[in-house]
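Per-entry structural report
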Amino acid sequence: MSRVLLMLLSVLTACGDRPAPDSLARNSADSAFGLVQSRGHVAMGVDQYTSSHRFEPLPDGGRITLERNGNDSVGTAQIRSHMRTIALAFERGDFALPGFVHDREVPGTAVMRQRRSHISYTTDSLPRGAQLRIHSDDPAAVNAIHQFLAFQRQDHRVGVGGAAH
């Protein structure tokens, strides 16, 4: 088990696996989404309700972006660190963090793990966060990346172009 996942599990044990009170109020009709948001906050280190995700499929893979909705230098730095951390984990075939956030194995990750030598992960800074560019020339890997991104869009409730939660 990765060190990051062990750290997250210890935080959840101390705090309990529950959304913050304001998150509960906003999502009382949908506890599953609230739990994804809560675990995402723990995993990424920033409030998911005040950040915007994008999961864009591209012909040669895709792009994940995460940015703070307002000026927040601490949150921006945290996002950049998070993106570097997951890029390194994904390169090793370690998809424990998205599994933790979504409380299940995320579609596409089994093939991405298997085809990891055919996939590259590159991070870049954005004004209020960062992006992770996922690239492959391997059709099976690209298909798996698209499955991964489609699931993320659905579970985070965002369209291809941006956040809608």
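Below, the structure is looked at part by part. (Residues numbered from 1 in each chain as written. Predicted model: local features only at pLDDT ≥ 70, side-chain atom pairs only at ≥ 80, totals over all residues. Heavy atoms only, no water.)

Description of the environment of Glu 67
Which entries qualify depends on this criterion: Secondary structure elements follow DSSP: runs of H or I of four or more residues count as helices, runs of E of two or more count as strands, with numbering from the N terminus. Each residue is placed in one exposure class: buried if its accessible area under a 1.4 Å probe, protein chains only, is under 20% of its type's maximum, exposed if it is over 50%, and partly exposed if it falls in between. Whether two residues are in contact is decided by their heavy atoms: any pair within 4.5 Å suffices. In the analysis that follows, any N or O atom pair within 3.5 Å is treated as a polar contact, provided that within protein one partner can donate a hydrogen and the other can accept it, and provided that, for residues neighboring in sequence, both atoms belong to side chains.
Mapped onto the elements, Glu 67 comes out in strand 2 (residues 61–68). Exposure remark for Glu 67: the relative accessible area of 18% places this residue in the buried category. Residues contacting Glu 67, with those up to four places away along its chain left out, are Ser 51, Ser 52, Arg 54, Ile 79, Leu 126, Pro 127, Arg 128 and Gly 129. A distance of 3.2 Å separates a polar atom in the side chain of Glu 67 from the backbone nitrogen of Arg 128.

A closer look at the environment of Ala 144
Along the polypeptide, Ala 144 turns up in helix 7 (residues 139–156). What makes Ala 144 buried here is its relative accessible area of 2%. Sequence spacing of Ala 144 and Arg 115 is 29 residues, and the spatial spacing of their C-alpha atoms is 9.3 Å. Those residues within four positions of Ala 144 in sequence are excluded, and the remaining contacts are Gly 108, Val 111 and Met 112.

Notes on the packing of aromatic side chains
We count it as follows: For this analysis, a ring pair means two rings from Phe, Tyr or Trp (six-membered ring only for Trp) whose centres lie within 6.5 Å, classed as stacked if their planes differ by under 30 degrees, edge-to-face if by over 60, and tilted for the remaining angles.
Overall, the coordinates contain 5 aromatic pairs when judged by the stated rule. For the pair Phe 95 and Phe 148, a centre-to-centre distance of 6.3 Å together with 65° between the ring planes defines the contact as edge-to-face. Placement of Phe 95 in the loop between helix 4 (73–91) and helix 5 (96–102) and of Phe 148 in helix 7 is noted, with a sequence separation of 53 residues between them. You'll find Phe 95 and Phe 148 in the same group, each marked buried. Ring pairing ties together the aromatic residues Phe 90, Phe 95, Tyr 121 and Phe 148, which thus form one cluster.

Topic: the sheet that holds strand 1 (residues 51–58)
The strands making up a sheet associate through hydrogen bonds between their backbones, and the pairing can be parallel or antiparallel. Convention followed: Following DSSP output, two strands are said to pair if at least two bridges run between them. Axis definition: a line fitted to C-alpha atoms, limited for helices to the stretch in contact. Angles are taken between N-to-C directions and run from 0 to 180 degrees.
With respect to topology, 4 strands assemble into an open sheet ordered 1-2-4-3, the strand pairing being antiparallel. Edge positions in the sheet fall to strand 1 and strand 3 (119–126), since each of these pairs with one other strand and no more. Mean inter-strand twist for the sheet, computed between neighbouring axes without regard to direction, equals 15°. On top of the sheet, helix 7 reaches strand 1, strand 2, strand 3 and strand 4 (129–136); it is set at about 150° to strand 1, its chief contact.

As for helix 3 (residues 31–44)
The criterion, for reference: Helix span, expected: 1.5 Å multiplied by one less than the number of residues in the helix.
Its 14 residues place the ends of helix 3 19 Å apart at the C-alpha level, agreeing with the 20 Å of an ideal helix rising 1.5 Å per residue. Listed in full, the buried residues belonging to helix 3 are Phe 33, Gly 34, Val 36, Gln 37, Ser 38, Arg 39, Gly 40, Ala 43 and Met 44. One or two steps after helix 3, the chain reaches Gly 45, where phi turns positive at roughly 80°.

What about helix 7?
For helix 7, spanning 18 residues, the distance from its first C-alpha to its last is 26 Å, which sits close to the expected 26 Å at 1.5 Å a residue. Within helix 7 the residues assigned to the buried category are Ala 141, Val 142, Ala 144, Ile 145, Phe 148, Leu 149, Phe 151, Gln 152, Arg 153, Asp 155 and His 156. Where helix 7 terminates, the next one or two residues include Arg 157, which has phi positive at roughly 60°.

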